[in-house]
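# Structure assessment
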Amino acid sequence: MFEHLNAVPPDPILGILAAYAADTNPRKIDLGIGVYRDETGNTPILQSVVKAEKTLIATQTTKSYLGPPGVAGFNDAMGELIFGHDSDTIKQGRVRTIQTPGGTAALRVGADLIRHTRPESGIWASDPTWANHLALFPAAGLPMDSYPYFDEINSDLRYEDMMEALKNRGAGDVVLFHACCHNPCGVSPDPAQWESITDLAAERGFTPMVDMAYMGFERGVEEDSLAVRLFSKKCPEVIVASSCSKNFAVYRERVGAISIVCENEQKAADVESVIHSLTRKNYSMPPTHGPGIIDIILHSDELTELWLSEVNAMRNRINGLRKTLAEKISASGISKDFSFLERQSGMFSFLGLSVEQVGRLKNEFAIYTVNSARVNIASFNDGNMDYFIEALATVL
Ligand code: LMR
């Protein structure tokens, strides 16, 4: 069976985890995978999660199957979080939110749904986009193409070029957007630009698919769902893949959700039945431990308040690191302009280094970034920033 099978290279992002773990250099820095880190370099368990998990364990009486929709309270609460507490989309019964094993599975279920419904559809993603988008959609049988997005020279958004390209998309096309904190470039449309993008989607009739993996890390939990809410108001159909990995810091618990906005309530029910049939053939049913925790948090005013304060603290720390890093690089004598770090948001930015320079950072300094020179800003701290800047100056 396997005699012709050859090993494949490690994943461009996950592969860094193993390489970093094996490195014995005491000064090593992992700027690769997108996880939040505190000043000590640890990825803490949020206090809201610790408290809710205790309640979950104390009150749970069975581990029997829950069925394809998973934790109903989680699905309802996530729907409200994403679409708003007073959402017309929810009131009209147009949306179904169903838990998935992480945001990646939400994307995959969305891709399977597109392929099942309209096998000839293609998907257009920003150039660049998350490395795993490029693997995941073709793996589900969807051809991928791209639209212009990142201006490498100015480290900014190619807004006009993007709009021009999207004018060529229409009914039957799916266009993938990042709701906030664009992965990998850290550049997002501003609210006025989202208004125009969502108008264009309604006018052209393409189907927006929104990847919302960093809700709360750009402007705030409520603010970061702007794109999803505008699309849902203006377009008959929207697909949203959300993740709780980052904002609830439950990475390894694999908690995410797929939300499908449809033209009417009946269609939403039909689509939900298709999703359950697709996931039954895949992972059968989603895990419930992580969603059970989040269900408890989002149904308690006290825990929700604590959680929101924890998300705000993570966002503020990353923004503070962006500012300090940009200032320190500028003060270090490096002539290349890195002030864009402060203007961008979320965990990621591109350093604008060549693959060779990325290799030197790794081989000479034990500093690990993705090959594209994407760095996780949350990995910096007082103890490693100066060492990183020295290394950066050397490879530049
Ligand atoms: C990342 O881009 O680093 C994260 O989304 C983690 C992952 O699964 O790639």
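Residues numbered from 1 in each chain as written. Predicted model: local features only at pLDDT ≥ 70, side-chain atom pairs only at ≥ 80, totals over all residues. Heavy atoms only, no water.

Entries for the protein in the domain assignment read domain 1 (12-44 + 316-395) and domain 2 (65-299). Put simply, the middle of domain 1 and the middle of domain 2, counted by C-alpha atoms, are 28 Å apart. Listed by partner, the interface residues are 18 residues for domain 1 and 20 residues for domain 2. Between domain 1 and domain 2, the buried area comes to about 1,400 Å², and carbon and sulfur atoms account for 60% of it. Counting only elements with at least two residues in the side of domain 1 that touches domain 2, the list comes to helix 13 (340-343) and strand 11 (348-350). (Domains from an automatic or database assignment. Contact = heavy atoms within 4.5 Å. Buried area = accessible area lost by both parts, 1.4 Å probe. Helix = DSSP H or I, 4+ residues; strand = E, 2+ residues; numbered from the N terminus.)

The omega angle of the peptide bond from Asp127 to Pro128 is 10 degrees, so this bond is cis rather than trans. Take Pro128: it is sitting in the loop between strand 3 (123-127) and helix 6 (131-139). Residue Pro184 is reached from Asn183 by a cis peptide bond, and omega for that bond is 25 degrees. As for its position among the elements, Pro184 is in the loop between strand 7 (174-178) and helix 8 (191-204). Even without being a glycine, Cys181 presents a positive backbone phi close to 45 degrees. With respect to the element layout, Cys181 can be found in the loop between strand 7 and helix 8. For Cys181, a relative accessible area of 2% puts it in the buried group. (Buried < 20%, exposed > 50% of the residue type's maximum accessible area, 1.4 Å probe, protein only.)

Let us look at helix 2 (residues 47-59). Relative to the 18 Å expected for 13 residues at 1.5 Å per residue, helix 2 spans 19 Å between its end C-alpha atoms, a close match to the ideal helical length. Taken as a whole, helix 2 has its buried residues at Ser48, Val49, Ala52 and Leu56. Burial along helix 2 is one-sided: seen end-on, the buried residues are contained in an arc of 90 degrees. Turned more than 90 degrees away from the buried face of helix 2 sit Lys54, Ile57 and Ala58, all of them exposed. Check the buried side of helix 2 and you find it contacts helix 11 (289-298) and helix 12 (301-331). (Expected span 1.5 Å × (residues − 1). Arc of directions from axis to C-beta.)

Turning to a nonpolar patch on the surface, a few remarks are in order. A cluster of nonpolar residues, Met1, Phe2 and Leu5, forms a patch on the protein surface that exposes about 440 Å² of accessible area. Its location among the elements puts Met1 in the segment before helix 1 (14-22). Judged by its relative accessible area of 83%, Met1 falls in the exposed class. (Patch = residues over 30% accessible without salt bridge, like charges linked within 9 Å, V, L, I, M, F, W, Y side chains within 5 Å. Areas by Shrake-Rupley, 256 points an atom, 1.4 Å probe, with all protein chains shown as cover. Salt bridge = Lys/Arg side-chain N within 4 Å of Asp/Glu carboxyl O.)

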